[in-house]
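Structural overview for review
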Amino acid sequence: MSKLPNSWSETVLADIALIEMGLSPDSRSYNSEGKGLPFFQGKAEFQAVFPKIRKWCSEPTKIVDIGDILLSIRAPVGPTNITPEKSCIGRGLAGIRAETDVNQAYLYYFFKNIEPWLSEQGTGSTFAAISGQFVRDIICPVAPAAEQSRIIAKLEELLTDLDAG
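Described in the following lines is the structure provided in the data block. Just so it is clear, the structure is predicted and the values come from calculations on it, not from any experiment.

**Concerning the packing of helix H1 (residues 104-119) against helix H3 (residues 145-164)**
For the pair H1 and H3, the least separation of the axes is 9 Å and the interaxial angle reads 60 degrees. Here H1 lies oblique to H3, going by the angle between them. Here H1 and H3 pass one another in a crossing that is left-handed. Between H1 and H3, the residues in contact are Ala-105, Tyr-106 and Tyr-109 and Gln-148, Ile-151, Ile-152, Leu-155, Glu-156 and Leu-159, respectively. Residues that form the contact of H1 with H3 fall into these classes: 7 nonpolar, 1 polar and 1 charged.

**What about unusual backbone geometry?**
With an omega dihedral of 5 degrees, the bond running from Ala-75 to Pro-76 counts as a cis peptide bond. With a phi angle near 40 degrees, Ala-75 is a residue other than glycine that sits in the positive phi range. With respect to the helices and strands, the residue Ala-75 is situated in the loop between strand E7 (69-73) and strand E8 (77-82). Positioned with a positive phi, Thr-100 is a non-glycine residue whose angle comes to about 55 degrees. Topologically, Thr-100 is positioned in the loop between strand E10 (93-98) and H1.

**Remarks on the side chain of Ser-29**
Tracing the backbone shows Ser-29 in the loop between strand E2 (17-21) and strand E3 (30-31). From its side chain, Ser-29 meets the backbone oxygen of Asp-26 in a polar contact 2.8 Å long. Aside from chain neighbours lying at most four places away, what touches Ser-29 is Trp-56, Cys-57, Ser-58 and Glu-59.

**Observations regarding the sheet that holds strand E4 (residues 37-40)**
Read from one edge of the open sheet, 5 strands run E3-E5-E4-E9-E6, paired in mixed fashion. Since the sheet does not close on itself, it has two edges, and those belong to E3 and strand E6 (63-64), each with one partner.

**Things to note about the pairing of E10**
Most of E10 sits out of view: 5 of its 6 residues are buried. Pairing of E2 with E10 involves 5 bridges; the strand directions are antiparallel. From the neighbouring strand, Ile-19 faces E10, where its bridge partner is Ile-96. Of the strand pairs in this sheet, E7 and E10 are connected by 4 bridges, and their pairing is antiparallel.

**Remarks on the sheet that holds E10**
What the 4 strands build is an open sheet, ordered E2-E10-E7-E8; its pairing is antiparallel. The open sheet has two edge strands with one neighbour each: E2 and E8. Ignoring strand direction, the axes of neighbouring strands in this sheet form an average angle of 25 degrees. Relative to the sheet, H1 contacts E2, E7, E8 and E10, its axis offset from that of E8 by approximately 155 degrees.

**Topic: the pairing of E8**
Here E8 lies mainly inside the structure; 6 of its 6 residues are buried. Sheet topology places E7 next to E8; 4 bridges connect them, and they run antiparallel. Within E8, the position partnered with Leu-71 by the bridge is Thr-80. The turn linking E7 back onto E8 is made up of 3 residues, and Ala-75 within it adopts a positive phi angle of 40 degrees.

**Topic: a nonpolar patch on the surface**
Side chains of Leu-155, Leu-159 and Leu-162 sit close together on the surface and give an oily, nonpolar patch of about 260 Å² of accessible area. Mapped onto the fold, Leu-159 is located in helix H3. Assessed through its relative accessible area of 38%, Leu-159 is described here as partly exposed.

Calculation notes
- Residues numbered from 1 in each chain as written.
- Predicted model: local features only at pLDDT ≥ 70, side-chain atom pairs only at ≥ 80, totals over all residues.
- Heavy atoms only, no water.
- Axes fitted to C-alpha atoms, helices over the stretch in contact; angles between N-to-C directions.
- Helix = DSSP H or I, 4+ residues; strand = E, 2+ residues; numbered from the N terminus.
- Parallel < 35°, antiparallel > 145°, perpendicular 65-115°, else oblique.
- Left-handed = near helix turned anticlockwise from the far one by under 90°.
- Contact = heavy atoms within 4.5 Å.
- Nonpolar A, V, L, I, M, F, W, Y, C, P; charged D, E, K, R; others polar.
- Polar contact = N/O pair within 3.5 Å; in protein donor to acceptor, adjacent residues only side chain to side chain.
- Pairing = 2+ DSSP bridges.
- Buried < 20%, exposed > 50% of the residue type's maximum accessible area, 1.4 Å probe, protein only.
- Patch = residues over 30% accessible without salt bridge, like charges linked within 9 Å, V, L, I, M, F, W, Y side chains within 5 Å.
- Areas by Shrake-Rupley, 256 points an atom, 1.4 Å probe, with all protein chains shown as cover.
- Salt bridge = Lys/Arg side-chain N within 4 Å of Asp/Glu carboxyl O.

So far we have only geometry, and geometry alone does not tell us how the molecule works.
The structure is reproduced here in structure tokens:
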């Protein structure tokens, strides 16, 4: 990583975020009738920002909250989305929620920025994947709170301009 401004710091993700590694529930609990929580298994449900709900789970194992970052950790590694509501996640995803003094939107944009790098980090003979330990050890640059807010505002302004174009 390049040299950070003096007021910034670097830390591992586990020190600034709660990380929930997905675990697929029993397939008998899957349904398409809306019973239980929305269930996301991986990148296949991802859209631009929020995943498309295609199935539900009546016996969820691993749960993420509204606004949590969904990180695809296998086949493919790297893509991200945001949880639209409390949901169940399967083994192809990790849920990430900023803690301490880190803004959730700042962390989301950090993950969007490192998607290409993450996509090169997967290992495995059948399909590429990254481990929970790898996710916990990702080095994150942390700007002061006011700078995080300025970064978020500028990115959202630029993305709005891009969408308008």
